[in-house]
Structures are given as C-alpha cells and as structure tokens.
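Listed below are the residues making up each chain.
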Amino acid sequence: MSETAHDSMSREERRAGMSLAAIFGLRMLGLFLILPVFSVHAQTLQGGDNLMLVGIAIGAYGITQAMLQIAFGAASDRFGRKPVIVAGLVIFFLGSVVAALANDIYMVIAGRVLQGAGAISAAVTALAADLTRDQHRTKIMAMIGASIGLVFALSMVAAPLLYAAIGMSGIFWFTAILAAGAIFVVLRVVPDAPPVPRANAGRFVDVLRDGQLMRLNFGVFALHLIQTTMWVLVPAALVAAGGLALTEHWKVYLPAVLLSFAVMVPAVIFAERHGRMKSVFNAAIILLVIVQLGLFALGDTLFGLALWLTLFFVAFNVLEATQPSWISKIAPAASKGTALGVYNTLQSLGLFLGGMLGGYIAQQHGAQAVNLVCAVIAVVWLVLAATMNPPPRRVEAAVPGTDATN
C-alpha cells in the first residue's frame, strides 16, 4: 500500500460518509423545520394557547431520544447497525404521520414523542466508525456534524416559506417523505458494515466506568445544552438588535454557518493529520467560553450578534466533529454502539434541558445571566477536557469493502 493511498479515503469510505451524513441530515431537518414556526401555528390548535404544552411539543422528541439512545445503540451492537437504523426511521416516519394528522396540541405531542423514539444517532455514528479506518474517522464525523449545522441553517430559511406554501400539516408530511428517503439511502446506498463483535456486546457498565468516555459525555451534554439555551434568546435578540423579522433571520444564520465550515474543515484535518486533536478540541472549548462572554458584554448589536454566532458555529462544528470520533477510538470494540448510545443520550438531555434552563434563567435574572451561566458550564467542561489523554493514533487495515488502492 502506497503512502498516498494510505493517507486518502477510499471510495467506500467517502460513500459511507456522504450517505450517513445524508441520513443524519434528512432526519434532523425533519426535527428542526418546526422550530421557527410552530409557536405561531400552535395558536390555531386546540390547547395551543398553553405555552407549556407548546414547549413540550417542541422539545418532546429530545426526552424520548434521551430515553432510547442507549437501547438503540446496544441493539445495534447485538443485532447489527442497519436493521436498527431502519427500525428507528420507520418509527420516525410514523411519528411524522401522527403529527401531520393532528388537530390539537396533544396529538402533535404524541407525534413528536414518536419522532424522538426513533433514536438512531448512536447506531448511525457506530456504523460510521465501523465503515472507516481510524485515520479518516474524524473526517467522516465532520461530515455528519457539518450536516447537522447545515440543516439547522436550512430549516431557519425554509420553514417560513414551507409553512406559507403547505402549512404545518404539509411540513409534517414532508418530514415523513424525508424519513422514507433516509430508509432508501440506508438500504441502497450505505455500504454493508463488517460484522460487529458479539462477545460481551454492549456492556453498559464498562462504558459508565470509563472516565475518558464520561468526560466526553459531559462535553456533548454541555455543548447541546448551551446551543439550545442560546436559541431561547437569539431570535428575540436579532429582532431587538437588528430589527430583523423572523423570515429574515437566515441572512445571519446562513453566512455564519458557511463561514464556520470554512474554518472547521481545515481545523479538523489538521487535528487528525498531526495528532493534535486534544489541542484543537480544547481550543474550540475556549472559543465557546469567549463567545458566551462576548454575548454578555457585546451582544446588543446586529454586527456583534453575527460575529459571536459565527464563532459559536466554528466551535460547535469542530466539537461536533471531533467528539464522536474520539469516543469511537477509545470505546471497547464490542461496546461501541452502547458507548455512542450513552453519548447521544447526554446529547438529547442537553437539548431538552437547555431550553428549560435558558427560559427559566432569562425570566428570573435576564438574558445576560444566561450567557454567564453558559460560560461557567463551558469553563467546567474545559477543566475536565484538560485532564483527558489524547485519543490514540492507530493505523489499521482497511475495513472490509474498502479499496485502499483508490
């Protein structure tokens, strides 16, 4: 095997990365699309005048994801990745149909609960780890992490336009179509995975006893708690500081995300190629602290908001790309799905609790207090991350189905 061939991704690895990123993106787009418009639409539903129920409808998917990520991850260790992913997407499809047929807030909540019950994130990231060699895994995770940031920005742009054209029911039907498309991608596009070791598959206790894994789990919890907490405040801040109507917020989000990708991709490649993942990882957490302090001190203008949001997306995308790769490298081979299940459970809890925390603190102590609390959480994370060992740099043979000569 030549050095050039060894250093480049094979055709099958590129195919795996793009197809799994597409699955993640299709599913997350379906979850994100209601965020910019549902609170307004809910006023037309029976029970939609209860803001607590509206909040539950928006966040319900996060709590059911948190409850089921470990189970889906462990099931993928035992029964294989693809069958578990397809089963989760079928559940997500059914939840979208229930929400599309809803005529009151309670049926929407039921649909969102079902959507979240299709908790496939752990199985998808475990499959990505199965299909890629160590030296390319962070690049694949970067594709998946980038897809989340991109569809979030896309949902901010597309949701108001879709709502005007097809209504909320149409958005949920569109979400069901996205789920069906993701099933097709799993069955027909994603490469077949190598066999998963079955001995002691999914040992939950081994994951919980691993201090390195649990530090990473706290990190993803903190990252997504901060993300959701921020978005309790950001839309209102854009209206107040820049006079931007809701339908114009994409003018800030989209450039911020695209610019962040331009920084994130070289940073991730540098981290992987030169064995500097821990340094880049910690730098991204420091940037997260700076963003929160910047929003606290200089977040009352449109330019300031755009700057801090761009830097936030840089930190977010770097951390989103490197954390699952790090976990996949240090998790026991037979418990990789379980480890990623715990990881994605903490991610979902962060998403669910972030909105509650942000709303409570802002109501009781003001918006700037939210930024200070997020800065403290990020500092705690930085201290924990500084005590971690760098991830191992292993050189493995190509996984079955790859062509290392490409």
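For the structure, see preceding data.
Residues numbered from 1 in each chain as written. Predicted model: local features only at pLDDT ≥ 70, side-chain atom pairs only at ≥ 80, totals over all residues. Heavy atoms only, no water.

Draft legend 1. Just the overall build of the protein, in detail. When helices and strands are counted, the protein shows 15 helices and 0 strands. Dimensions of the protein along its principal axes, counting C-alpha atoms only, are 60 × 45 × 40 Å. Counting all 406 residues of the protein, 56% fall into the buried class. Contacts spanning at least 24 positions in sequence make up 86% of the contacts within the protein whose residues lie at least 6 apart. Charged side chains in the protein number 24 positive and 18 negative. The centres of these two groups are separated by 4 Å. (Helix = DSSP H or I, 4+ residues; strand = E, 2+ residues; numbered from the N terminus. Buried < 20%, exposed > 50% of the residue type's maximum accessible area, 1.4 Å probe, protein only. Contact = heavy atoms within 4.5 Å. Lys, Arg positive; Asp, Glu negative; His and termini not counted. Charge placed at Lys NZ, Arg CZ, Asp CG, Glu CD.)

Draft legend 2. Local environment of the packing of helix α7 (residues 121–130) against helix α14 (residues 336–365). For the pair α7 and α14, interaxial distance at closest approach is 8 Å and the crossing angle is 135°. As summarised for this structure, α7 and α14 are arranged oblique, according to the angle between their axes. The handedness of the crossing between α7 and α14 is right-handed. Where α7 abuts α14, its residues S121, A122, T125, A126, A129 and D130 lie against K336, G337, L340, G341 and N344. Residues that form the contact of α7 with α14 fall into these classes: 4 nonpolar, 5 polar and 2 charged. (Axes fitted to C-alpha atoms, helices over the stretch in contact; angles between N-to-C directions. Parallel < 35°, antiparallel > 145°, perpendicular 65-115°, else oblique. Left-handed = near helix turned anticlockwise from the far one by under 90°. Nonpolar A, V, L, I, M, F, W, Y, C, P; charged D, E, K, R; others polar.)

Draft legend 3. Representation of the packing of helix α5 (residues 81–100) against α7 in the model. Here α5 crosses α7 at 150°, and the two axes come no closer than 9 Å. The angle between the axes of α5 and α7 places the two elements in the roughly antiparallel class. In this structure, α5 meets α7 at a crossing whose hand is left-handed. Taken together, the residues of α7 that come into contact with α5 (itself represented by R81, K82, V84 and I85) are A123, V124, A126, L127 and D130. Of the residues in the contact of α5 with α7, the class split is 6 nonpolar, no polar and 3 charged.

Draft legend 4. Structural view of the packing of aromatic side chains. For the structure on display, the rule yields 4 aromatic pairs. On the numbers, 5.7 Å between centres and 65° between planes, the contact of F312 with F313 is edge-to-face. Classification of F312 by relative accessible area gives buried; the value is 0%. Accessibility expressed as a relative area gives 2% for F313, which makes it buried. Counting every residue linked through ring pairs, the aromatic cluster contains F281, W326 and W381. (Phe/Tyr/Trp six-rings, centres within 6.5 Å; stacked < 30°, edge-to-face > 60°.)

Draft legend 5. Just the side chain of T132, in detail. Residue placement: T132 occurs in the loop between α7 and α8 (134–188). Owing to a relative accessible area of 1%, T132 belongs among the buried residues under this scheme. Engagement of the side chain of T132 in a polar contact is seen with the backbone oxygen of A128, the distance being 2.7 Å. (Polar contact = N/O pair within 3.5 Å; in protein donor to acceptor, adjacent residues only side chain to side chain.)

Draft legend 6. A look at the nonpolar core. Core analysis: the biggest nonpolar cluster contains 122 residues, and I23 and F38 have the highest contact counts within it. Among the elements that line this core, the one with the most residues is α8, at 19 residues. Those residues within four positions of F38 in sequence are excluded, and the remaining contacts are L45, V54, A57, I58, I105, V108 and M168. (Core = buried A, V, L, I, M, F, W, Y, C linked by side-chain atoms within 4.5 Å.)

Draft legend 7. Looking closely at a nonpolar patch on the surface. Where nonpolar side chains cluster on the molecular surface, the patch consists of V90, F93, L94 and L114 and spans about 290 Å² of accessible area. Relative to the helices and strands, L114 resides in helix α6 (residues 105–117). (Patch = residues over 30% accessible without salt bridge, like charges linked within 9 Å, V, L, I, M, F, W, Y side chains within 5 Å. Areas by Shrake-Rupley, 256 points an atom, 1.4 Å probe, with all protein chains shown as cover. Salt bridge = Lys/Arg side-chain N within 4 Å of Asp/Glu carboxyl O.)

Draft legend 8. Representation of α6 within the structure. Between its terminal C-alpha atoms α6 stretches 18 Å, which fits the 18 Å expected from 13 residues at 1.5 Å a residue. Within α6, the full set of buried residues consists of I105, V108, I109, G111, R112, Q115, G116 and A117. N-capping of α6 is provided by D104, with a side-chain oxygen placed 3.0 Å from the backbone N of Y106. (Expected span 1.5 Å × (residues − 1).)

Draft legend 9. Quick look at the environment of I330. For I330, the position within the fold is in helix α13 (residues 302–330). Residue I330 is classed as partly exposed on the basis of its relative accessible area of 21%. With 286 residues separating them along the chain, I330 and T44 place their C-alpha atoms 49 Å apart. Each residue touching I330, except ones within four places of it in the same chain, is listed here: Q212, L213, L216 and P392.

Draft legend 10. Structural view of the pattern of salt bridges. For the structure on display, the rule yields 4 salt bridges. Salt-bridge contacts for D130 lead to R81; the nearest nitrogen and oxygen are separated by 2.7 Å. You can see D130 sitting in helix α7 and its partner R81 sitting in helix α5, a full 49 residues away along the chain. Like D130, the residue R81 is buried in the burial classification. A salt bridge links K82 to D192; its shortest N-O distance comes to 3.1 Å. With a gap of 110 residues between them, K82 in helix α5 and D192 in the loop between α8 and α9 (204–208) connect regions that are remote in the sequence. By sharing partners, the salt bridges in this structure join D77, R81 and D130 into a single network.

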